[in-house]
Amino acid sequence: MATSILRTTVMQKAIVAVTGLVMVLFLIGHLSGNLLVYAGPEAINAYAAGLRDVAALLWTARIILLVSLILHVYYTIRLRRLSQEARPFGYQQQRWEASTFAGRTMLLSGLLIFSYVAFHLAHFTWGKIYPQYYAATYFLDGRGPVHDVYSMVVRSFQVWWIALLYIVAVTFVALHLVHATQSALQTLGIYHRRYTEPIRKASIVLAVLLWIGYVSIPVAAMAHLLEPLS
């Protein structure tokens, strides 16, 4: 019974919508933590150490996020294939005016983001990229030595190709969000002519604000507005 329900297009679209919104919430929360880099090493290192203190909660959130990402990518690809099978010959003339660039590149941007997430985890979570930066420690007041997230982030983003990859990935995330947020809300039933334009504008504003917030960090590091401790 459960398997047959999951095979329905409606349920698959709902899964894509819900998992997409989970990741939007993560992006907002993650950015709020990342921006602590501007408050200095004490602030962001205390924040990172605090997350390690609630390891069970942190890993629960990570598992939910990872499952959401996998389900989102899987069912997005599945829905695209079902759509292509329903129209195997396509249209003789594409009507691009009815769509947007963000909408037409949803699958591509999603796959590129998925690929970058693997690199990002290997870099900042597992310390496999530039492990010497990952090994740095910081003496936190009242606690002692902790992982120096501040210096790791700043040093990493002062490497031009890491900063560039990050900026490109965040740009694809922003493009993805412009269409994805609107589509998710529509799938979940939040759809009315009165709300269409406000939702569209809010989606664009959210994507732009997230893009500025995330991109500002590597830009500040490359411009040496942020410097590692040693």
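See the structure shown above.
Since this is a predicted model, take the numbers as computed values, not measurements. (Residues numbered from 1 in each chain as written. Predicted model: local features only at pLDDT ≥ 70, side-chain atom pairs only at ≥ 80, totals over all residues. Heavy atoms only, no water.)

## Topic: the overall build of the protein chain
Here is the rule: Secondary structure follows DSSP: runs of H or I at least 4 residues long count as helices, runs of E at least 2 residues long count as strands, and numbering of each begins at the N terminus. Any residue under 20% of the maximum accessible area for its type is buried, any over 50% is exposed, and the rest in between are partly exposed; the area is computed with a 1.4 Å probe on protein chains only. A contact between two residues is defined here by any heavy atoms of the two lying within 4.5 Å.
A tally of regular secondary structure across the protein chain gives 10 helices and 2 strands. Of the regular secondary structure in the protein chain, the N- to C-terminal order runs α-α-α-α-α-α-α-β-β-α-α-α. Counting all 230 residues of the protein chain, 37% fall into the buried class. By sequence separation, contacts in the protein chain at least 24 residues apart represent 78% of the contacts at least 6 residues apart.

## Description of a nonpolar patch on the surface
Convention followed: Without a salt bridge and with relative accessible area above 30%, a residue can belong to a patch; like charges are then joined within 9 Å and nonpolar side chains (Val, Leu, Ile, Met, Phe, Trp, Tyr) within 5 Å. To be clear on the numbers: accessible area is Shrake-Rupley with a 1.4 Å probe, and residue cover counts the displayed protein chains and nothing else. Basic side-chain nitrogens of Lys or Arg form a salt bridge, by our definition, when they fall within 4 Å of a carboxyl oxygen of Asp or Glu.
A contiguous nonpolar patch, built from Tyr47, Leu51, Val54 and Leu57 and spanning about 340 Å² of accessible area, is present on the exposed surface. Along the chain, Leu51 turns up in helix H3 (residues 41–53). The exposure class assigned to Leu51 is partly exposed, which follows from its relative accessible area of 31%.

## Structural notes on the pattern of salt bridges
Inspection of the entire model under this criterion finds 2 salt bridges. Glu197 is the partner of Arg200 in a salt bridge, and the nearest nitrogen-oxygen pair spans 2.5 Å. Taken together, the residues Arg200 and Glu197, both in helix H10 (residues 193–222) and 3 residues apart, mark about one turn of the helix. Glu197 gets classed as partly exposed once you look at its relative accessible area, which sits at 34%.

## A look at the packing of helix H9 (residues 160–187) against H10
To keep it simple, the criterion reads: Every axis corresponds to a line fitted to the C-alpha atoms, with the helix fit spanning only the stretch in contact, and the corresponding angles, defined between N-to-C directions, vary from 0 to 180 degrees. Roughly parallel here means an angle under 35 degrees, roughly antiparallel means over 145, roughly perpendicular means 65 to 115, and every remaining angle is called oblique. Working rule for handedness: look at the near helix, and if it is turned counterclockwise from the far one by less than a right angle, call the crossing left-handed; if clockwise, right-handed. In this classification, the charged set is Asp, Glu, Lys and Arg, the nonpolar set is Ala, Val, Leu, Ile, Met, Phe, Trp, Tyr, Cys and Pro, and all remaining amino acids, among them Gly, are polar.
Following both chains from N to C, one finds H9 and H10 inclined at 165°, their axes separated by 9 Å at the closest point. In terms of orientation, H9 and H10 fall into the roughly antiparallel class. For the element pair H9 and H10, the recorded crossing hand is right-handed. On the side of H9, the interface is formed by Ala163, Tyr166, Ile167, Val170, Thr171, Ala174, Leu177, Val178, Thr181, Gln182 and Leu185, while H10 contributes Ile199, Arg200, Ser203, Ile204, Ala207, Leu210, Trp211, Tyr214, Val215, Pro218, Val219 and Met222. Looking at the contact of H9 with H10 residue by residue, the classes come out as 18 nonpolar, 4 polar and 1 charged.

## What about H3?
Within an α-helix, residues lying three or four positions from one another point in the same direction, as the helix has 3.6 residues per turn. In plain terms, the rule: A helix is expected to reach a length of 1.5 Å times the quantity of its residues less one. Throughout, the arc means that of the directions going from the helix axis to the C-beta atoms.
Between its terminal C-alpha atoms H3 stretches 18 Å, which fits the 18 Å expected from 13 residues at 1.5 Å a residue. For H3, the complete set of buried residues consists of Pro41, Ile44, Asn45, Ala48 and Ala49. Within H3, the buried residues cover an arc of 135° as seen down the axis, which keeps them to one side.

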